[in-house]
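Each chain, letter by letter, is given below.
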Amino acid sequence: MRDEAIRNLAMRMADDALIYGHRNAEWTGLAPTLEEDIAFSSTAQDKFGHAQSLYAFLQSLGGPDPDTAAFMRDEKEFLCCHFVEFETIDYAVALMRHFLFDTAERLRYGFLERSSVEPLAQLARKIRGEIKYHTLHARTWVQVLGAQGNEESRLRMQSAANHCYPMAFSIFEPSAHEDVLRAEGIFAGEVELQEAWREEVAKVFAEASLSVPEVADVTAHYGGRRGYHTDALAPLIAEMTEVYRIDPTATW
Amino acid sequence: MVEESPSILPSKDDVLTALHDVKDPEIPLISVVDIGIITKVDIDEAARSVSVTMTPTFVGCPALDHMRKEIHERVSLLSFDDVRVTVDYTTPWSSNLVTDRGREALHKHGLALPMRFEGDFEPEIMLNAECPFCGSANTRLVSPFGPTLCRALYTCNSCAQGFEQFKPV
């Protein structure tokens, strides 16, 4: 039970980092300024590092090696949330997802620094230091475009918030292991994380002159954590694994 | 019969001295020791073996495998029977671990130095970088992300020069 709970948690986190990293990498060469191009490419590289280290941790618990985990699994075996899956060519939406997702990541790794699973706690301490740069970047832009820009930039950020915020709750879709995670001191759980996230997002939105969108049903975008994904994931996996699958035994 | 006497086993200091030859491929002026990523050197005298532990600056550092290979090759030139290099996160890397000699090398490379900090790092301290060219503190953070994962971009308001900082983390 305990091992299964740890594996499930690490897999969700690793898959989020891999898929979200892939979406970030799509901005390489396309972001509105050179600095933003570099920022999105760098955060993508960080995310791949986080995914790789989590897959390596899973390997130590009997899982496949990180490359096999990343490139050889079917869509149904991925446990990422719907929020990291969709493609966007709207930079305001990309920034808003970056802010909402990385705020959750920073809080999640903060909780995990106190995990009873020592290798996970060690990784969390390391990774949270890196994610602080991601949230610094995201928060700065949300504030600049929200409160310090012009009416158009504020409206575009508000519209991005309206689009992204309800979907972001898919991050916190509870697993079947929440009780075990809490009882064993592994992780505080998705409910507590969601509450901390709501509070932090509301604070930054207020500073950025953005209003917090109403969410009728936080479960509306659930499913990813159980292997049920949006239409966006299968094409992403096909593209991401195309070269690797030509010859999985090739050395690089 | 007289047994051939085994050569004297190198010490921990010998290993660290040798590792000064291995440089960070992204900043070739600084060694892996001075950048602070060598976290442990364990010598087993009976087995005549050495185990070197290293930790990445950033988890996704693309130079990690390359450095691990170079560390292994360099230490293998010493007279151990067995050399192992492992990567772990027991002692996570922090920019505070860069040695004084390392900081000097970074500065010579034209990089602003990471601020030393105590306790939990808050990235807001990044707003106070010093221009490596004119020494002015009147600088502006352009982006916390630069050409490599461990560098940030700035401009100097005094001398109008763009510069990079080795990030505090």
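Residues numbered from 1 in each chain as written. Chains lettered and ligands numbered in written order. Predicted model: local features only at pLDDT ≥ 70, side-chain atom pairs only at ≥ 80, totals over all residues.

Asks: For the overall build of chain A, give the residues involved together with the corresponding values.
Replies: For chain A, the helix and strand inventory stands at nine helices and zero strands. When the elements of chain A are put in sequence order from the N terminus, they spell out α-α-α-α-α-α-α-α-α. Over its C-alpha trace chain A gives a radius of gyration of 18 Å, about what one expects of a compact globule, namely 18 Å for 252 residues. Overall, the C-alpha framework of chain A stretches about 55 × 45 × 30 Å when taken along its three principal axes. (Helix = DSSP H or I, 4+ residues; strand = E, 2+ residues; numbered from the N terminus. Rg over C-alpha atoms; globule rule 2.2 N^0.38 Å.)

Asks: Tell me about the sheet that holds strand β7 (residues 139-143) of chain B, and please be specific about residues and values.
Replies: Residues and elements named next belong to chain B. Strand order in this open sheet of four strands is β6-β9-β8-β7, and the pairing throughout is mixed. Pairing within the sheet leaves two strands with one partner each, and these edge strands are β6 (111-112) and β7. Both β7 and strand β8 (residues 151-156) contribute to a ladder of four bridges, which runs antiparallel. Across the sheet, the residue bridging to Ser143 is Leu153, located in β8. (Pairing = 2+ DSSP bridges.)

Asks: Residue-level account of the environment of Val75 of chain B, with values.
Replies: Residue and element names in this part refer to chain B. Structurally, the position occupied by Val75 is in helix α2 (residues 64-76). Placed 25 residues apart in sequence, Val75 and Asp100 show a C-alpha to C-alpha distance of 24 Å. Excluding anything up to four places from it in sequence, Val75 contacts Val15, Ala18, Val50, Val52 and Val83. (Contact = placed C-beta atoms within 7 Å.)

Asks: Give me the lowdown on unusual backbone geometry, citing residues and values where you can.
Replies: All names here are of chain B. Notably, Arg48 is not glycine yet its phi reads approximately 50 degrees, a positive angle. Looking at where Arg48 falls in the secondary structure, it is placed in the loop between β3 (38-44) and β4 (49-54). For Ala160, which is not glycine, the phi torsion reads 65 degrees and is therefore positive. Secondary-structure assignment places Ala160 in the loop between β8 and β9 (162-166). What makes Ala160 exposed here is the crowd of 10 C-beta atoms within 10 Å. (Buried ≥ 20, exposed ≤ 12 C-beta atoms within 10 Å, placed from the backbone.)

Distances and angles like these do not, on their own, reveal function.
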